[in-house]
Amino acid sequence: MQTMPLLEVRDLKTHFFLDEGTVRAVDGVSFDIRSGVVLGVVGESGCGKSVLARSIMRIVRPPGRTIEGRITYDRGMRRGAAGDFVDLAQMPIDGSEIRDIRGSEITMIFQEPMVSFSPVHTIGFQIIEGILQHETDISKDEARNRAVEILRRVGIPNPESRIDQYPFSLSGGMRQRCMIAMALASDPNLLIADEPTTALDVTTQAQILELMAELQREFGMAMMLITHNLGVVAQMAEEVIVMYLGKIVEWTDIDTLFDDPKHPYTAELLKSIPRLRREGQAERLTAIAGSVPSPYVRPSGCPFHPRCPQAVAGLCDVREPELVQVGERHVVSCLLYSDGASNGAAEMETE
Amino acid sequence: MVSAAEGSNILEVRDLQAYFPITAGLWRRVVGQVRAVDGVSFDLKEGETLGLVGESGCGKTTTGRAIIRAVEPTGGEVFYRMRDDTLIEATAADGRTMQTLRQQIQIIFQDPFASLNPRMTIYDIVADPLRVNSLASGGELEDRVSEMLQMVGMSPAFMRRYPHAFSGGQRQRIGIARSLVMNPRLVIADEPVSALDVSVQAQILNLMQDLQQDLGLTYLFISHDLSVVQYISHRVAVMYVGKIVELAPTHELFTRPMHPYTQALLSSVPAPNPRVKSLGQSLEGEVADPANPPAGCYFHPRCPFVQDVCRETEPEFREIAPSHFARCHFAEDLDLPGVPA
Ligand SMILES: Nc1ncnc2c1ncn2[C@@H]1O[C@H](COP(=O)(O)OP(=O)(O)OP(=O)(O)O)[C@@H](O)[C@H]1O
Ligand SMILES: Nc1ncnc2c1ncn2[C@@H]1O[C@H](COP(=O)(O)OP(=O)(O)OP(=O)(O)O)[C@@H](O)[C@H]1O
Ligand code: SF4
Ligand SMILES: [Mg+2]
Ligand SMILES: [Mg+2]
C-alpha cells in the first residue's frame, strides 16, 4: 500500500539575487519522491536541476535563497514508523537538525567527485569521518572496518590498502565509486545523484550505472537521479520530472514519458536525439528551433512558447500554465491541456 | 588499405605516430613516452564523413592535430591531394606548403565558449583568417563575412556583437562560419556538438550535413558519442589506446562489428527506451594507460574473448571483409551482435 511520499516538494522557489537581475533558478516546483523509488530529473543545462537538488539539501548559499515553498520530509521512515514530518525548507541552513539529516539520511553525489572529496585527506579518512559524525556510539576501528566493507561493495579492488590513498591518485571511475561509497556509508533514505556519470566514458558510465542500480535495490533507498541524458534516465528511473527554465513541465512514469509525452518540449526533445539503431539512422534529425533563453530574460507566459511548434498566439505568450493532471500518474504544465485545470500535483499524491 | 575508390582520396594517413615525452626531475629527463597516436592509418574520400570514436584519452584529438602538424608527428606519413590533383606529403612539407594546407584543412573545436576570442566582434572573428592571409579587404571582406554568417543560419545584423551575447549553439555556428570562410575542402570537427544542449545538437548536425552537401566538404568527425557518429558518418573508425581497432562503413560497423571493443562500446550506450534493458553487460576494468600499454593486444585485459595469443602477440590491422578492417586475432570467428535490437 502506498502511503505518504518520503519527500513532498510544493511550490518551491529558489532565486539568485544578482546585480544583473534575479535568476529564478527554481521557480515554483512541486513533485514527490516515494520511498525506495528512483526519480529521474531531466532537462537542459541551466534549467535548475542542480539548484533544485541543493535546495532540498539546504546548501544554497547567498546570493541564492529558497524564498518560498515547502519540502516535507518523513524522518520517521528511518525508524520504520512513517509519519514524523519535518519541513526542510523551514530549517536554518546551518541549524543542527538539517546537519543531522544532511550527509546521513539524505546524501548527495556530484558529477565531479573532487567536489565531495578534500584533496588533502585520504579516501578512508573522509569516509570514516562521515560515519563518526553521525554515529557517536561506534569506535574508530569499527568505522574503518565499515569503510573497507563499503569500498569493497562498490567494487574497489584491495580496499584494505586503497582506503589510505588520496583522491587524486585514483582514476575518474574509481573516484566515483569512492564517492558512492561515502554517500552510502550512512544507509541513507534518499540519495541525490547529480549527473553522477556525465564526466565518465561510456564503458565506465555503464559500470557505474549498473553499480548504482544494484545498490539502490539492495539498500532500498529512494534516489533522485539528475541527468541530461535521456538514455540514462530510461535505464535507471521509474518516474521522471522534466524541467525547463526553473519549472517542471512534465512529471510521469518512465514508460509514459517515452510512449506518450504530452508536453511539446518533451515530445520535441525525444524526437531530436540521435539513437543507436540497427536499421541505420534517420536521414535527418528533427531539431527544436531556437535555443534556451538567457536566465535574465525569461519569456512571458509559458517559458517554452518562443520555441514551441504548437504555441497558440495570444494564449501561450500571455498566460502562465499550471501543472494539470492528464493521466493516472501524469501531470503536464502546458496550456493545451489546461481546460478545467486543477492542481495536478495535489491529485497525484492521493493516488 | 588501398580501396577501390583510391583515385578520389583527399587524405591518406599511414602509420601515423604522435608520442609525448614524459619527463621527470630537475633536468626534465625523458623517462617514458605517452603513445597518444600509435600507428594510425586511414583514407578519407572526398565528400565523405569519417567518424572517429573512442573513449577519453584514446588519441582522437591528437590524430586530428597531427594531420595538420599542430602536433608534430613522431612517425608515419600524411598525404594530402590538392585540388589540381597533386599529392603533398604533409609530414615532409615546408612552411609555405603547410600554410596553404592549413587553409584547405580547417578544425572546428569542441568548446564554442573557449574557442572564440571574447574581445573580438563576430565580424572580426569570422574575417580574421581572410585578413591575416590578405585574401580580402574592404567591402569584399564584409560581403564574404555576411555570406558566411547567413550560410550558418545567423543574421549578419549581429556582426558587431561580441561572443558573450550568443548562446552555445550560436557560438558554434560562428565557429563554423570562421572555419568555412577560407573555403576549405577538409574539415576536422573535434567534438563539435559535445558541449551543446541536446535540443541544439540536432540543429548543428543538420547544418553540418547541409554544408557538406552544398560545398562538397569532407569531414573527419571526432566524437565520443556513438549515436551522433552513427547519424553523421559514412564510415567509422574506432580508436583504443592510440590505435584504430576497427574501421568499416557505418551500417556494417554498427550491425556486424568485428572487434570486441566496438561491441563493448555499442552495448554500453544507455538506450533511450525504457523497454530496452541495455545495462548489465558492462566491460570489466579500465582503459589502458597509453604510457604503459599492455603486451599483445592492448584490449586483452578487458576482453571477454581473450586467448593466450592475445596476451603475447599484437594483432594486425587487417581487412576482414571488403572495406571492413579490424585489429583482432579472432575477428573472423567472433559473431558479435552489434547494436542491441
Ligand atoms: N551560485 C549561483 N549564482 C548565480 N546563479 C546561479 C548560481 N547557481 C546556479 N545559478 C543559475 O541558476 C540557474 C540554474 O542552474 P543549475 O545549476 O541548477 O542548472 P542545471 O540544470 O543543473 O544545469 P547543468 O545541466 O548545466 O548542470 C542557471 O541559470 C544558473 O546560471
Ligand atoms: N600536449 C600533450 N602532452 C602530453 N600528453 C598529451 C598531450 N596531449 C595529449 N596527451 C595525452 O595523449 C593521449 C591522447 O590524448 P587526446 O587528447 O588525443 O585524446 P582524445 O581521444 O582526444 O580524448 P578526449 O575524448 O578526452 O578529448 C592522452 O593520454 C593525453 O593525456
Ligand atoms: S585480439 Fe584477443 S584480446 Fe584483442 S580483441 Fe581480439 S580476442 Fe580480444
Ligand atoms: Mg547541474
Ligand atoms: Mg579530444
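Not measured: the values here are computed from a predicted model. (Residues numbered from 1 in each chain as written. Chains lettered and ligands numbered in written order. Predicted model: local features only at pLDDT ≥ 70, side-chain atom pairs only at ≥ 80, totals over all residues. Heavy atoms only, no water.)

Visitor: Got a minute to help me understand the environment of A:Phe258 in this structure?
Guide: By the secondary structure assignment, A:Phe258 is in helix α9 (residues 254-259). Judged by its relative accessible area of 14%, A:Phe258 is buried. When the C-alpha positions of A:Phe258 and A:Tyr337 are compared, they lie 18 Å apart, and in sequence the two are 79 residues distant. With sequence-adjacent residues up to four places away left out, A:Phe258 is seen in contact with A:Leu230, A:Val233, A:Ala234, A:Leu270, B:Pro272, B:Asn273 and B:Pro274. (Helix = DSSP H or I, 4+ residues; strand = E, 2+ residues; numbered from the N terminus. Buried < 20%, exposed > 50% of the residue type's maximum accessible area, 1.4 Å probe, protein only. Contact = heavy atoms within 4.5 Å.)

Visitor: Please clarify how the sheet that holds strand β6 (residues 105-108) of chain B should be interpreted in this entry.
Guide: Residue and element names in this part refer to chain B. Ordered by their spatial adjacency, 8 strands build an open sheet running β6-β7-β8-β3-β9-β10-β12-β11, and the pairing between neighbours is mixed. What marks the edges here is a single partner per strand, and that holds for β6 and β11 (318-321). Here the strands of the sheet are splayed against their neighbours by 20 degrees on average, with no regard to which way each runs. Bridging between strand β3 (residues 49-53) and strand β8 (residues 218-223) involves 5 bridges; their strand directions are parallel. Counterpart to Val53 in the pairing with β8 is Ser223. Packed onto the sheet, helix α5 (residues 168-180) meets β6 and β7 (186-190) and runs at close to 170 degrees relative to β6. (Pairing = 2+ DSSP bridges. Axes fitted to C-alpha atoms, helices over the stretch in contact; angles between N-to-C directions.)

Visitor: Where do I start with the pairing of strand β9 (residues 235-240) of chain B in this structure?
Guide: In regular strands, side chains alternate between the two faces of the sheet. All names here are of chain B. Counting buried positions over the 6 residues of β9 gives 6, a clear majority of the element. Relative to β9, β3 runs parallel, the two being bridged by 4 bridges. By the bridge assignment, Val53 is partnered in β9 with Val238. Pairing between β9 and strand β10 (residues 243-249): 6 bridges, direction antiparallel. Its bridge partner being in β10, Arg235 is matched across the sheet by Pro249. Connecting the antiparallel pair β9 and β10 is a turn made up of 2 residues, with Val241 showing a positive phi of about 45 degrees.

Visitor: I would appreciate a short explanation of the packing of aromatic side chains in the present structure.
Guide: Considering all chains together, one arrives at 9 aromatic pairs over all chains under this definition. Geometrically, the ring pair formed by A:Tyr166 and A:Phe168 is stacked, given 6.0 Å between the ring centres and 15 degrees between the ring planes. Following the ring pairs from residue to residue traces out a cluster consisting of A:Tyr244, A:Tyr265 and A:Phe304. The side chain of B:Arg160 reaches across the aromatic face of B:Tyr123, ending 4.5 Å from its centre. (Phe/Tyr/Trp six-rings, centres within 6.5 Å; stacked < 30°, edge-to-face > 60°. Lys NZ or Arg CZ within 6 Å of the ring centre and 35° of its normal.)

Visitor: Hey, could you run me through the confidence of the model for chain A in this one?
Guide: As a note on interpretation, predicted positions should not be read in detail where pLDDT is low. When the pLDDT values of chain A are averaged, the result is 89; 95% of them are 70 or greater. Low confidence marks residues 340-351 of chain A, where pLDDT is under 50. Its contacts with residues over four positions away, or in another chain, come to 25 contacts. (pLDDT = per-residue confidence, 0-100.)

Visitor: Would you explain unusual backbone geometry in this entry?
Guide: Leaving glycine out, the prevailing phi sign among residues is negative, and the prevailing peptide bond configuration is trans. Residue and element names in this part refer to chain A. Following Pro62, the chain continues into Pro63 via a peptide bond in cis, with omega recorded as 10 degrees. Mapped onto the elements of the fold, Pro63 is located in the loop between α1 (49-57) and β4 (64-74). A positive phi angle is found at Asn158, which is not glycine, with a value near 45 degrees. By secondary structure assignment, the location of Asn158 is in the loop between α4 (140-153) and α5 (159-162). We note that Asp187 has phi near 50 degrees; this positive angle belongs to a residue other than glycine. Of note, Asp187 is situated in the loop between α6 (172-184) and β7 (190-194). Its relative accessible area of 42% is what places Asp187 among the partly exposed residues.

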